[in-house]
Amino acid sequence: MIYFCQNCFKEIPCDTAVCPFCGVDISMYDAHNFEHKLIHALQHPIPETVNIAITILGKLKSKKAVKPLKELFNKTYDPYIQKAILDTLFQIGTPQSLRFIKKMLVHESIIVRKEAEMLVKRTQ
Ligand SMILES: [Zn+2]
């Protein structure tokens, strides 16, 4: 299990009470809120923050994030965000998220198509 600071989103040791990066008291947060917060961060104006949220949602295999991730994919024009979303959907690995990846084999962006091809190969 990987642990993340729910305030600054950095990876932290599991036995720590205070985040070594931002000093926040970890015990104030619970896992459910963290997932919710990450899904909320998908709307963040800074692409870097959005990218971190996408990556962590994948590591947490957040099934709740599938729908918001698909919505973000369809809304954004940033192929690197789209690529990150495909990776995360692959890690979440529900039938619904894998179907979405397969649909991207014919996407207009070559970055997205290549990523979808690579991920689909890994499911075979
Ligand atoms: Zn922190």
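Below, the structure is looked at part by part. (Residues numbered from 1 in each chain as written. Predicted model: local features only at pLDDT ≥ 70, side-chain atom pairs only at ≥ 80, totals over all residues.)

Attention now moves to the environment of Gly-93. Tracing the chain through its elements places Gly-93 in the loop between helix 4 (79-92) and helix 5 (95-103). Residues Gly-93 and Val-66 lie 27 residues apart in sequence; the distance between their C-alpha atoms is 9.5 Å. Contacts of Gly-93, omitting those with residues within four sequence positions, involve Lys-61 and Leu-98. (Helix = DSSP H or I, 4+ residues; strand = E, 2+ residues; numbered from the N terminus. Contact = placed C-beta atoms within 7 Å.)

Right, let's get into helix 5. Here helix 5 has its buried residues at Ser-97, Phe-100 and Ile-101. For helix 5, the arc enclosing every buried residue in end-on projection is 100°, short of the 170-degree limit, so these residues lie on one face. In helix 5, the exposed positions that point more than 90 degrees away from the buried face belong to Pro-95, Arg-99, Lys-102 and Lys-103. (Buried ≥ 20, exposed ≤ 12 C-beta atoms within 10 Å, placed from the backbone. Arc of directions from axis to C-beta.)

The next thing to look at is helix 4. The terminal C-alpha atoms of helix 4 lie 20 Å apart, and with 14 residues this matches the ideal 20 Å at 1.5 Å per residue to within 8%. Where helix 4 is buried, its residues contact helix 2 (47-59), helix 3 (66-75), helix 5 and helix 6 (110-123). Gly-93 lies just past helix 4 and shows a positive phi near 70°. (Expected span 1.5 Å × (residues − 1).)

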